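# Architecture and fold: a report
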Amino acid sequence: MCGIVGYIGEEEATPVLVNALKKLEYRGYDSAGIAILGPGNEAGAGHSLVVRKAKGALKNLEQRIATEIIRGTSGIGHTRWATHGEPSDVNSHPHTNVSGKIAVVHNGIIENHAKLKEMLRESGVTFKSQTDTEVVAHLVDYFYKGDLFEAVRATLDRIEGAYALAFVCENEPERIIAVRKDAPLVIGAGKGENLIASDVTPLLEYTRDVYYLNDGEIAVLYRDRVEFFDREARPIEKKTSRVEWDVSAAEKGGYEHFMLKEIHEQPKALADTLRARIKTYATKTINLEEIGFDASWAQASRVVISACGTAWHAGVVGKYALERFARIPVDVDVASEFRYRDPIYDPKDIFIIISQSGETADTLAAMRMAKKSGARIIAITNVVGSTLAREADLVMYTWAGPEIAVASTKAFTTQLMCVYLIALKFGHLRKVIDDAELAKNIEALEGLPALAERLLAQKEDIQRFAARQFHKTKAFFMGRLFDYAVSLESALKLKEIAYTHSEAFAAGELKHGPIALVDESTLVVAICTQTALFDKMDSNIKEVKARGATVLVITWEDEKYFDSAADEVFRIPRTLDPLSPMLSVIPSQLYAYYCSVMRGNDPDKPRNLAKSVTVE
Ligand code: AGP
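Please read these numbers as outputs of a predicted model, since none were measured by experiment.

## Some details on the sheet that holds strand 15 (residues 241-242)
Strands sit in the order 3-2-4-1-10-9-11-15 across an open sheet of eight strands; the sheet is antiparallel. Both edges of this open sheet fall to strand 3 (47-55) and strand 15, since each of them pairs with a single strand only. Inspection of the sheet shows strand 2 (residues 31-39) paired to strand 4 (residues 74-80) by seven bridges, in the antiparallel sense. Note that in strand 4 the partner of glycine 33 across the bridge is histidine 78. Against the sheet, helix 2 (residues 58-67) makes contact with strand 2 and strand 3, and its axis sits at roughly 140° relative to strand 3, the strand it touches most.

## Some details on the nonpolar core
In terms of nonpolar packing, the biggest core is built from 138 residues, with Leu322, Ile352 and Phe426 touching the most fellow members. The leading source of residues in this core is helix 12 (residues 410-429), at eleven residues. In this structure, Leu120, Leu148, Tyr163 and Cys169 belong to the second largest nonpolar core, which totals 30 residues.

## A look at the side chain of serine 74
Among the secondary structure elements, serine 74 is positioned in strand 4. Once residues within four sequence positions are removed from consideration, serine 74 is found in contact with Tyr7, Ile8, Ala13, Ala35, Ile36, Leu37 and Pro173.

## Digging into unusual backbone geometry
The amide bond that connects histidine 93 to the next residue, proline 94, takes the cis arrangement and shows omega of 0°. Examined against the element boundaries, proline 94 turns out to sit in the loop between strand 4 and strand 5 (95-96). Within the chain, lysine 431 stands out as a residue other than glycine whose phi angle is a positive 60°. Within the fold, lysine 431 resides in the loop between helix 12 and helix 13 (435-456).

## Thoughts on the pattern of salt bridges
Enumeration according to the criterion identifies 48 salt bridges in this entry. Notably, a salt bridge pairs aspartate 224 with arginine 225, separated by 3.1 Å at the nearest N-O pair. Judged by its relative accessible area of 60%, aspartate 224 falls in the exposed class. Linking arginine 277 and glutamate 290 is a salt bridge whose minimum nitrogen-to-oxygen distance equals 2.7 Å. Taken together, the positions of arginine 277 in the loop between helix 7 (266-275) and strand 16 (278-280) and glutamate 290 in the loop between strand 17 (284-286) and strand 18 (303-307) put the pair 13 residues apart, joining distant regions of the chain. Taken together, the shared-partner salt bridges connect Arg180, Lys181, Asp182, Asp215, Arg368 and Glu391 into one network.

## Things to note about the site of the ligand
What surrounds the ligand is a group of 14 residues, the closest being Ser355, Gln356, Ser357, Thr360 and Glu496. Between the ligand and serine 355, the relevant distance is 2.6 Å, taken from an oxygen atom to a side-chain nitrogen or oxygen of the residue. Between an oxygen atom of the ligand and a side-chain N or O atom of glutamate 496, the distance comes to 2.8 Å. Notes on the ligand: free accessible area 410 Å², of which the protein chains cover 90%. Of all elements in the fold, only helix 8 (309-326) and helix 15 (482-498) reach the threshold of two or more residues within the shell around the ligand. Split by residue class, the shell around the ligand holds five nonpolar, seven polar and two charged. When residues of the shell around the ligand are sorted by domain, at least three fall in each of domain 2 (262-455) and domain 3 (458-598).

## A few points about helix 7
Among the ten residues of helix 7, eight are classified as buried, and the element is accordingly described as predominantly covered. Within the sequence span of helix 7, burial applies to Gln266, Pro267, Ala269, Leu270, Ala271, Asp272, Thr273 and Leu274. Looking at the buried side of helix 7, the elements it contacts are helix 6 (258-264), strand 16, strand 22 (394-397), helix 12, helix 13 and helix 17 (581-598).

## Concerning helix 2
What helix 2 keeps buried is the set Leu58, Leu61 and Ile65. Along the long axis of helix 2, the arc covered by the buried residues comes to 60°, so they all point the same way. More than 90 degrees from the buried face of helix 2, the exposed residues found are Lys59, Gln63, Ala66 and Thr67. Looking at the buried residues of helix 2, the elements they touch are helix 1 (13-23), strand 2 and strand 3.

## Some remarks on the pairing of strand 11 (residues 209-212)
The side chains of a regular strand alternate, first on one face of the sheet and then on the other. The sheet contact formed by strand 9 (residues 186-189) and strand 11 spans three bridges and is antiparallel. Its bridge partner lying in strand 11, isoleucine 187 is registered against tyrosine 211. Bridge count for strand 11 against strand 15 is two bridges, and the pairing is antiparallel. If you follow valine 210 over to strand 15, its bridge partner there is serine 241.

## Some details on the domain arrangement of the protein
Partitioning the protein into domains gives domain 1 (3-251), domain 2 (262-455) and domain 3 (458-598). Distance between the C-alpha centres of domain 1 and domain 2: 35 Å. Buried area between domain 1 and domain 2, summed over both chains or domains, comes out near 1100 Å², and the portion from carbon and sulfur atoms is 57%. Its largest share of buried area at the contact with domain 2, domain 1 owes to Tyr26, Tyr212 and Trp245, together 48% of the area lost on that side. Scanning the region where domain 1 abuts domain 2 turns up two salt bridges. Arginine 368 serves as the salt-bridge partner of aspartate 215, at 3.7 Å between the closest nitrogen and oxygen. Taken together, domain 1 and domain 2 are joined by five residue pairs in polar contact (both at pLDDT 80 or more). Looking at the side of domain 1 that touches domain 2, its residues break down into seven nonpolar, two polar and three charged.

## Brief notes about the packing of helix 1 against helix 2
As a packed pair, helix 1 and helix 2 sit with axes 11 Å apart at the nearest point and diverge in direction by 170°. Considering the angle they form, helix 1 stands roughly antiparallel to helix 2. Contacts between helix 1 and helix 2 involve Thr14, Val18, Leu21 and Lys22 on the former and, on the latter, Leu58, Glu62 and Ile65. Class assignment of the residues belonging to the contact of helix 1 with helix 2 gives a composition of four nonpolar, one polar and two charged.

## Describing the sheet that holds strand 27 (residues 568-572)
Spatial strand order, 24-23-25-26-27: five strands in an open sheet with parallel pairing. Each edge of the sheet is formed by a strand with only one pairing partner; in this case those strands are strand 24 (501-506) and strand 27. Each strand axis lies, on average, 20° off the axis of its neighbour in the sheet, ignoring direction. Relative to strand 25 (residues 522-528), strand 23 (residues 474-479) runs parallel, the two being bridged by five bridges. Its bridge partner being in strand 25, lysine 474 is matched across the sheet by threonine 522. Seen against the sheet, helix 15 touches strand 23, strand 24 and strand 25 and runs at an angle of roughly 175° to strand 24. Together, strand 23, strand 25, strand 26 (550-556) and strand 27 form the strand contacts of helix 17, whose direction differs from that of strand 27 by roughly 130°.

What counts and what doesn't
Residues numbered from 1 in each chain as written. Predicted model: local features only at pLDDT ≥ 70, side-chain atom pairs only at ≥ 80, totals over all residues. Heavy atoms only, no water. Pairing = 2+ DSSP bridges. Helix = DSSP H or I, 4+ residues; strand = E, 2+ residues; numbered from the N terminus. Contact = heavy atoms within 4.5 Å. Axes fitted to C-alpha atoms, helices over the stretch in contact; angles between N-to-C directions. Core = buried A, V, L, I, M, F, W, Y, C linked by side-chain atoms within 4.5 Å. Buried < 20%, exposed > 50% of the residue type's maximum accessible area, 1.4 Å probe, protein only. Salt bridge = Lys/Arg side-chain N within 4 Å of Asp/Glu carboxyl O. Near = heavy atom within 4 Å. Polar contact = N/O pair within 3.5 Å; in protein donor to acceptor, adjacent residues only side chain to side chain. Areas by Shrake-Rupley, 256 points an atom, 1.4 Å probe, with all protein chains shown as cover. Nonpolar A, V, L, I, M, F, W, Y, C, P; charged D, E, K, R; others polar. Domains from an automatic or database assignment. Arc of directions from axis to C-beta. Buried area = accessible area lost by both parts, 1.4 Å probe. Parallel < 35°, antiparallel > 145°, perpendicular 65-115°, else oblique.

Written out as structure tokens, the structure is:
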């Protein structure tokens, strides 16, 4: 998704902005650009505004800047993920008004851009690009009477949609103006310099002190201060928050790709996410004070989970876990469906909204709808200060650290850890599981980081298997119960980064249609960790084998059940059957990663995808 950066200070802005844009590459983009305000750029005298942009990778922009040097100590930059108009130089941001004195960068969608375009055309504006964003530059110009702040405010009254916007104006080189509504924007408070960015990662090199902008707020950045206002131009007092992430956590640390690094960080991420919630009194117990867990939870008659993509898959695991451990009905739905399907609410419901970024547009919309129902809203997110974290009633953080690769890995397993903790605690409260059962499960959860470490030590087995299979164009993942949920996530990983057509099936569903697709060219990955259903899985494996498929079974390390039926068996360390997803997904993450690399793809930045989907 688009990324925004801005800088005002004493340094040359161009390298700062390009460096910051590099940190946002992971969000996905197809072009990039910057606008710099500097003394004497091109115009010769006074301050002038110069824009450079280029389709494709950031290095194209860097090459352009290397030959067409621009100087200046303030500016804005952008990585674009095309929504309106193809990826091209002209559609790249920043966009400017007709005279080229005002520039804007935008993340989001201006929903009423067509109507505004018509109005601006009638007033004599000729549009250069096919984007929705260009209307914003012209609209600010339309309202500009010598005060950028007032022109931006007037523009905000006219535009509809989601946006994080940053503006610079040649006549007012001393400031940058930034606003947000339903799209992320963070402000870095430096010493003699201030910055903006779509998330904190580009800011860490300069400062750890950040301001989080709320919807509808306007920030005015000067070199030595940042001022905040509401839409009516009333000043707002804001305090900085300290970001505890280490810069190195957002770097590759010797791994070839962020994704491989993040897969390997799972033991630590699981341990960090768990440690904060286990307390020892007389015996070990789960402490969920952060989400207001107390006896009042017993009033709930239903849990509703909503999320997108991988986070939704964590929700599917959550449904199985909550039903198993807490015997409470659970509805789980993708947020894009939930928000439009007129769901039935009960104020006694507990909503769990899951999102790594905390900025996914559909997920936020689902959360806001649910909030209106009066139900309790629990957010599970990885990003402190994200919109979801700020708007939900209560937050449970996944302590995964920054996840940079587009394909989610450690965020998923830590989301699982959170839903299991809720399920077990809830089950204990509802007296579905007793003290001994709770203790047994806590002990098993505590053992998982070491088991994940041991599993990762066998990664070459998956790499060798991938070397034999990566050319396959069709892969099916199948399983039952928790293994079905993991199949969904496994198929998504392979689609996202290897671009292999992969599907997930509840194994029992195969014979109701999908088996017609199985032939010698099909790879079937059968995830088999639910011991009570081994016989059923065995029959399903035989059915696909009989149609010529190659079968990889993922099962427990000491399990021989599938040795004769499978072409290959990958063994994972043993834990309790219901807790298997936190381990059984790891081979699929590795398989997708190796297939992606072997196919010559960039697993960190897969085509057409964005890390954080802040538009519908
Ligand atoms: C995961 O690999 C995907 N990139 C994607 O499905 C992601 O999980 C989804 O967009 C939701 O993102 P969120 O967790 O940040 O809300």
